[in-house]
Amino acid sequence: MRNRIALTGLCLLCALIASATAAVTASAVNTTVHTCEEVPKGQGNFEDAHCKSLVPPEDGIFEHIPVPKNTKTTAGINNTTTGVIRSPASLTATVAGVSVTLEAKKVAATGTVENVEEGGEEFVRGETSSIALEEVTANHSCSVTGIPGGVGKIETVAVKATSKATAMALKFEPKEGTKVAEFELSGASCLEALKGKYPVVGTVSGVPNGATTAFTHTTVTEAKTLRLKSAVGPVAGLEASITWRGTDPSNPKTGEWPLATTT
């Protein structure tokens, strides 16, 4: 599962987690979550376990298996692609005229996700108690300390995600209030203008493709929904990708599979 998650994202994670399409409230679009399970050759439409690469039906060995409506299933997010390969996530903002970039090499969270039907619209709803960002570093030789978390680790508050009225995107936001996470920059070699505490506030949206949800720096900054310090503080950009995994609650014996969000 290929994933990069930028620090400000969170949901971030995971997740945490607005893209250009996500920033627009659109007419109802049914977006739901499926497990992506292996099937006998010729009975699927995908060649990969993330259900991202379409192939002719005769070659398909993976297929979307719908998660039952209004049934919560265990879910997790991470930035692992295959095995232990990881793609760092980065958060970038301009503070006091200086470009600040934080990079998280690991992100992980567990929670629940479900398909919901309300008012004729089907959408995804998920939540997690926290998203852990680990091996976090910053440029300008600043040390990063999460509040909470510790040196090199940032833990978000409880986060929720939804695809309701988001133009096929997934929107991540705090379950309560506006603060997603907080960190402090310090150290003898850190620029004096950058030292201090940085609450991360607001929301962020990503675009699903199979089991992967992608966040891009340009679309997140253009949306201006993620900020440092306050709702009117520096705009933050997020470059990241997270992957969802979970179980099919109707057939738990199949084990854990990537969870694909699709229309």
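Data block above holds the structure.
Predicted, not measured: the structure shown is a model, and the values here were computed from it.

Engineer: Break down the overall build of the chain for me, with residues and values.
Structural biologist: What the chain contains, in helices and strands, is 1 helix and 19 strands. Among the 263 residues that make up the chain, the fraction classed as buried is 50%. Of the roughly 11,100 Å² of accessible surface on the chain, a fraction of 52% belongs to carbon and sulfur atoms.

Engineer: Which residues make up the environment of asparagine 209, and what are the values?
Structural biologist: In this structure, asparagine 209 sits in strand β15 (residues 204-209). A residue is classified by how much of its surface remains accessible, and asparagine 209, at 41% relative accessible area, is partly exposed. Sequence spacing of asparagine 209 and threonine 243 is 34 residues, and the spatial spacing of their C-alpha atoms is 9.7 Å.

Engineer: I'd love a proper account of the pairing of strand β8 (residues 143-146), names of residues and values included.
Structural biologist: Side-chain alternation along β8 places Val144 and Gly146 on a buried face and Ser143 and Thr145 on a face that remains uncovered. Here β8 runs beside strand β9 (residues 149-151); their pairing, made up of 2 bridges, is antiparallel. Within β9, the residue paired with threonine 145 across the bridge is valine 151. As consecutive antiparallel partners, β8 and β9 are separated by 2 residues.

Engineer: With reference to specific residues and values, describe unusual backbone geometry.
Structural biologist: Here isoleucine 147 and proline 148 are connected by a cis peptide whose omega angle stands at 0 degrees. One non-glycine residue with positive phi stands out, namely serine 141, at about 60 degrees. Its location among the elements puts serine 141 in the loop between β7 (132-138) and β8. Phi is positive for lysine 229, which is not a glycine, with a value near 75 degrees. When you line up the elements, lysine 229 lands in the loop between β17 (226-228) and β18 (236-247).

Engineer: Kindly report on the pattern of salt bridges, identifying the contributing residues and their values.
Structural biologist: Evaluated as defined, the whole model comprises 11 salt bridges. Lysine 69 is the partner of glutamate 117 in a salt bridge, and the nearest nitrogen-oxygen pair spans 3.0 Å. Of the two residues, glutamate 117 is situated in strand β5 (residues 98-118) and lysine 69 in the loop between β2 (62-66) and β3 (73-78); the sequence distance between them amounts to 48 residues. Overall, the relative accessible area of 41% leaves lysine 69 in the partly exposed class. Two residues, glutamate 118 and arginine 125, come together in a salt bridge whose shortest N-O distance is 4.0 Å. Given the relative accessible area of 37%, arginine 125 is considered partly exposed. Three or more residues are tied together by salt bridges with common partners; here these are Glu114, Glu118, Arg125 and Lys164.

Engineer: An account of the environment of lysine 72 is requested, with residue identities and associated values reported.
Structural biologist: Note on placement: lysine 72 falls in the loop between β2 and β3. Distance in space between the C-alpha atoms of lysine 72 and valine 116 is 9.6 Å, their sequence separation being 44 residues. The contacts of lysine 72, once residues within four sequence positions are left out, are Thr112, Val113, Glu114 and Glu127.

Conventions and cut-offs
Residues numbered from 1 in each chain as written. Predicted model: local features only at pLDDT ≥ 70, side-chain atom pairs only at ≥ 80, totals over all residues. Heavy atoms only, no water. Helix = DSSP H or I, 4+ residues; strand = E, 2+ residues; numbered from the N terminus. Buried < 20%, exposed > 50% of the residue type's maximum accessible area, 1.4 Å probe, protein only. Areas by Shrake-Rupley, 256 points an atom, 1.4 Å probe, with all protein chains shown as cover. Pairing = 2+ DSSP bridges. Salt bridge = Lys/Arg side-chain N within 4 Å of Asp/Glu carboxyl O. Contact = heavy atoms within 4.5 Å.

Coordinates in, geometry out; function isn't part of it.
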